[in-house]
Amino acid sequence: MTTRLIRNASLLGGDPQDVLIADGVVREIGTGLSAEGAVELDATGLVLLPGLVDLHTHLREPGREDAETVHTGTRAAARGGYTAVHAMANTFPVADTAGVVEQVWRLGRASGYCDVQPVGAVTIGLEGKKLAELGAMHDSAAGVRVFSDDGKCVDDAVIMRRALEYVKAFDGVIAQHAQEPRLTEGAQMNEGTVSGEIGLAGWPAVAEEAIIARDVLLAAHVGSRLHVCHVSTAGSVEIIRWAKAKGWDVTAEVTPHHLLLTDELVRSYDPVYKVNPPLRTEADVMALREALADGTIDAVATDHAPHPAEDKDCEWAVAAMGMVGLETALSVVQHTMVDTGLMDWQGVADRMSFRPARIGRLTGHGRPVSPGEPANLVLVDPAYRGTVIPESFATRSRNTPYRGLDLPGQVRATFLRGVPTVLDGEPVAPETVAGAVA
Ligand SMILES: [Zn+2]
């Protein structure tokens, strides 16, 4: 395995350091390092972060390989600086058995671009009626610890209580897609001024907040661990802040798009802005940024939701919900959080690597950049300015809301256990990765 010497990288935004990588781990950190035969990489002006960890990725395989595969999705992840992603369970078939989660886990191993940690469904077929084989999925080769019916809400309080109780046995967590179904029947966008003016059916904030309020109470009642997916309203933030103040074991994530975009964009009727939960108001965006900065929201999670053109290039009402996000997440976070002075790179490492890895109980990711730790690393050029060109994406789908937008920052290199998955901003040849990782 190649020994690599990264020169003059700004460690989590701090002073320039040399980082020596050998045998998949960080060997040495210092200045003026040398190592015989090492491949050197000049990282002057680049920020070195721990490999990013996504808690919320839709890889679409099995079943919707026309939108994404584990292979294309993990290439996109690597290009975005990720070394581990959690693959959501709403595939066809649903990842509700040990067999399906093991299949996804094996596809991830074969891809080699980043580690794929499958998420198991909470209920059979995501139908919300009967608990899936949570224990069997945990005991499988995939070692599932995060369970979610994402795309759908576990709306039955008794089922939610049982799921929370069940996963306690192995320190699992239920990741809830908080959407009260009756309050959102036929909903097309955020309920507010814009929905009233343009005449689309509204999706009230209370539909999200009511479920979060119920679930933090349930989690506290049974003494279990709850994770709230894609928080999108200021009111949700207040409930999570309250639950955390109580000392309850509640964590939450926010997507990059909810940190930047508002429902004003829906006036265009362009389905690229149709997403679940919907884009909210500027006041919500500002509350979410503040909550991410102060740690009330633990993590940025992409909710990368690829769709083929035919599911998006249509009338608003029938268009699929979701946006791709893996390859733009870090840029959006730099733009909304770092360049605004709300968060430094240490904060980015915490919210995009340390904390998501801890929530998912991943042991080999989200580790400090120090000697002896796995060399899961990303080099970012924060001075880069460029226009988002979806045609250059590694993901199979093109449904990005950022087309043509100027965003800062570029991932220059990603390393998975010392093996480069991205160099010079582009994914490296799969055979190199496959051979080295094996
Ligand atoms: Zn969701």
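Refer to the structure above for everything that follows.
Summary of the structure given here.

Each value, and the rule that gives it
Residues numbered from 1 in each chain as written. Predicted model: local features only at pLDDT ≥ 70, side-chain atom pairs only at ≥ 80, totals over all residues. Heavy atoms only, no water. Donors = N, O, S within 2.8 Å, 3.2 Å for Na, K, Ca; no water. Helix = DSSP H or I, 4+ residues; strand = E, 2+ residues; numbered from the N terminus. Buried < 20%, exposed > 50% of the residue type's maximum accessible area, 1.4 Å probe, protein only. Salt bridge = Lys/Arg side-chain N within 4 Å of Asp/Glu carboxyl O. Core = buried A, V, L, I, M, F, W, Y, C linked by side-chain atoms within 4.5 Å. Contact = heavy atoms within 4.5 Å. Pairing = 2+ DSSP bridges. Axes fitted to C-alpha atoms, helices over the stretch in contact; angles between N-to-C directions. 1 Å grid on protein atoms, 1.4 Å probe; cavity = no way out; pocket = protein on both sides within 12 Å on 5 of 7 lines; lining within 4 Å. Points joined across faces, edges and corners; volume = space filled by probe spheres on them. Polar contact = N/O pair within 3.5 Å; in protein donor to acceptor, adjacent residues only side chain to side chain. Expected span 1.5 Å × (residues − 1).

**Focus: the coordination of the zinc ion**
Move 1: Listed as protein donors to the zinc ion are Asp-150 (OD), His-177 (ND1) and His-230 (NE2); their distances from the metal cover 1.9 to 2.2 Å.
Move 2: Positions of the donor residues of the zinc ion, expressed as sequence spacing, correspond to D-x26-H-x52-H. Linking Asp-150 in the loop between β9 (146–147) and α4 (157–167) with His-177 in the loop between β10 (173–176) and β11 (189–190), this pair joins segments that are 27 residues apart in sequence. Of the two residues, Asp-150 and His-177, neither departs from the other in class, the shared state being buried.

**Details of the pattern of salt bridges**
Move 1: For the structure shown, the criterion picks out 27 salt bridges.
Move 2: The partner of Glu-185 in a salt bridge is Arg-182, with the nearest N and O atoms 3.1 Å apart. This pair shows no difference in class: Glu-185 is exposed, exactly as Arg-182 is.
Move 3: Counted as one network, the salt bridges with shared partners bring together Lys-244, Asp-298, Asp-350, Arg-351 and Arg-355.

**Brief notes about the nonpolar core**
Move 1: The biggest cluster of nonpolar side chains holds 90 residues, and the ones touching the most others in it are Ile-6, Leu-49, Phe-147, Val-348, Met-352, Leu-377 and Leu-379.
Move 2: Per-element accounting of this core gives the leading share, 6 residues, to helix α6 (residues 205–222).
Move 3: Aside from chain neighbours lying at most four places away, what touches Met-352 is Leu-52, Val-53, Tyr-82, Val-300, Ala-329, Leu-330 and Val-333.
Move 4: Core analysis: the next-biggest nonpolar cluster, separate from the first, contains 19 residues, Leu-200, Tyr-273, Val-275 and Val-332 among them.

**A few points about the sheet that holds β10**
Move 1: Spatially, β9-β10-β13-β14-β15 is the arrangement adopted by the 5 strands of the open sheet, whose pairing is parallel. A strand with exactly one partner marks an edge of an open sheet, and here the two such strands are β9 and β15 (299–300).
Move 2: Sheet topology places strand β14 (residues 250–254) next to β15; 2 bridges connect them, and they run parallel. Residue pairing for β15: Glu-253 is matched across the bridge by Ala-299.
Move 3: Packing of α6 onto the sheet brings it into contact with β10, β13 (226–228) and β14, and relative to β13 it is tilted by some 165°.

**Re the layout of surface pockets**
Empty space among the atoms becomes apparent when a probe as large as a water molecule is rolled across them.
Move 1: A volume near 540 Å³ is recorded for the largest pocket.
Move 2: In terms of lining, the largest pocket is formed by 25 residues, of which the most central are Arg-60, Asn-90, Gly-151, His-307 and Met-321.

**Overview of the sheet that holds strand β7 (residues 82–87)**
Move 1: Strands sit in the order β6-β7-β8 across an open sheet of 3 strands; the sheet is parallel. Because the sheet does not close on itself, it has two edges, and the strands there are β6 (52–57) and β8 (115–118). Direction aside, the axes of adjacent strands within the sheet are offset by 20° on average.
Move 2: As paired strands, β6 and β7 are joined by 4 bridges and run parallel to one another.

**Details of the side chain of Thr-74**
Move 1: The residue Thr-74 is located in helix α1 (residues 70–79) in this model.
Move 2: The exposure class assigned to Thr-74 is buried, which follows from its relative accessible area of 0%.
Move 3: Looking at Thr-74, its side chain comes within polar contact range of the main-chain oxygen of His-71, at 3.1 Å.
Move 4: Each residue touching Thr-74, except ones within four places of it in the same chain, is listed here: Leu-59, Ser-111, Tyr-113, Cys-114 and Val-116.

**Topic: unusual backbone geometry**
Move 1: The omega torsion across Glu-61 and Pro-62 is 5°, close enough to zero to call that bond cis.
Move 2: Residue placement: Pro-62 occurs in the loop between β6 and α1.
Move 3: The backbone phi angle of Asp-303 is positive, close to 50°, even though this residue is not glycine.
Move 4: Among the structural elements, Asp-303 can be located in the loop between β15 and α9 (309–312).

**Some points on helix α11 (residues 345–359)**
Move 1: The end-to-end C-alpha distance of α11 is 20 Å, a good match for the 21 Å that 15 residues give at a rise of 1.5 Å each.
Move 2: Remark: Arg-361 follows α11 within two positions and exhibits a positive phi of approximately 55°.

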